[in-house]
Amino acid sequence: NAARAYEMEASVGNPRENSGAEAAYRDAIAAAKQAANPEIRSTAVNNLAVLLLNEARNHDALAAIADFDFRGVSKEEEALFLYNSGKVQEANDDLRKAYADYLAAQRANPNLSTASDAAFHLLERSKTPRITDAIELGQSVFGQGCSEDTHNSIQQLLRMWGGDPKAQELLAALVQC
């Protein structure tokens, strides 16, 4: 947990400590690989990716997430990783992959509303209507009940894409909500 200590020190005004946190995470990843401990490895990879992303080192964060190992992790940790992976993909302008990661995170842990919120946000940024994706996301979220945020997101997409011939399908999804 040395990496967390370095991060705490950095957060109180000593940004050089982030390099210590990065090194500690990389050491933890290497040790976990050698000990065949995917749970510790995955936690360290996830935390390293978030640290790098927070430093706007987007390409380094992308390289870090490639080392994630899903074996032995809980659905909640898997969902958190997928959400963070989506953030990394989005920061690297791979919006299709980011959307896929956000959707997978929402499915892995339906209570992780930040994942569905991020996915809806990406759909809102889309230059072309992605009605099929919006319906798929809406249906995935509806299984856990339709929150006010989900309802508002679908309404926003309808306002944006109302002229599209498939917009009625999205309207039907809103009615289900």
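So, how was this worked out
One numbering rule holds for all chains: residues counted from 1, following each sequence as written. Whole-chain, interface and lining totals are the exception, using all residues; otherwise, since this is a predicted model, local features are given only for residues with pLDDT of at least 70 and side-chain atom pairs are given and counted only at 80 or more. Excluding hydrogens and water, the side-chain values take into account all heavy atoms of the structure. Secondary structure elements are taken from DSSP: a helix is a run of H or I of four residues or more, a strand is a run of E of two residues or more, and numbering for both begins at the N terminus. Here the term buried applies to any residue with accessible area under 20% of the maximum for its type, exposed to any over 50%, and partly exposed to those in between, with areas from a 1.4 Å probe on protein chains only. In what follows, a contact means two residues having at least one pair of non-hydrogen atoms within 4.5 Å. As a per-residue measure, pLDDT tells how confident the predictor is, with possible values from 0 to 100. Throughout, nonpolar core names a set of buried Ala, Val, Leu, Ile, Met, Phe, Trp, Tyr and Cys residues whose side chains join them through atoms within 4.5 Å. A fitted line through C-alpha atoms represents every axis, and for helices the fit uses only the stretch in contact; the resulting angles, taken between N-to-C directions, go from 0 to 180 degrees. Each angle receives one of four descriptions, namely roughly parallel if under 35 degrees, roughly antiparallel if over 145, roughly perpendicular if within 65 to 115, and oblique otherwise. Note on convention: the crossing is left-handed when the near helix lies turned anticlockwise from the far helix by less than a right angle, right-handed when the turn is clockwise. Put simply, Ala, Val, Leu, Ile, Met, Phe, Trp, Tyr, Cys and Pro go in the nonpolar bin, Asp, Glu, Lys and Arg in the charged bin, and everything else, Gly too, in the polar bin.

Tell me about the environment of A21, residues and numbers included.
Following the sequence through the fold, A21 ends up in helix α2 (residues 17-34). A relative accessible area of 0% places A21 in the buried class. Remark: the alpha-carbon pair of A21 and N47, spanning 26 residues in sequence, is separated by 9.6 Å.

How would you summarise the side chain of D133 if you had to cite specific residues and measurements?
Within the secondary structure, D133 is located in helix α8 (residues 131-142). Its relative accessible area of 15% is what places D133 among the buried residues. Once you skip the residues sitting within four places of it in the chain, D133 turns out to touch R96, Y99 and L123.

Could you give me a rundown of the confidence of the model for the protein, with the residues and numbers involved?
The predicted structure's coordinates, where accompanied by low pLDDT, should not be read in detail. Looking at the protein as a whole, the pLDDT averages 84, with 88% of positions reaching at least 70. Under a pLDDT of 50 for its full length, residues 2-15 has, in the predicted model, 19 contacts with residues more than four places off or in other chains.

Outline the nonpolar core, listing residues and values.
One finds L123, L137 and L170 to be the most contacted residues of the largest nonpolar core, which totals 46 residues. Ranked by residues supplied to this core, first place goes to helix α3 (residues 38-54) with seven residues. Apart from residues lying up to four places away in sequence, L123 is in contact with Y99, R130, D133, A134, L137, L157 and W161.

Lay out the packing of helix α5 (residues 75-91) against helix α6 (residues 95-108) with the relevant residues and their values.
The contact between α5 and α6 brings their axes to 8 Å, and the two run at 165°. Looking at the two axes, α5 sits roughly antiparallel to α6. The handedness of the crossing between α5 and α6 comes out as left-handed. Contacts from K75, A79, L82, Y83, S85, G86, K87, Q89 and E90 of α5 reach α6 at L95, K97, A98, D101, Y102, A104, A105 and A108. Looking at the contact of α5 with α6, its residues break down into nine nonpolar, three polar and five charged.

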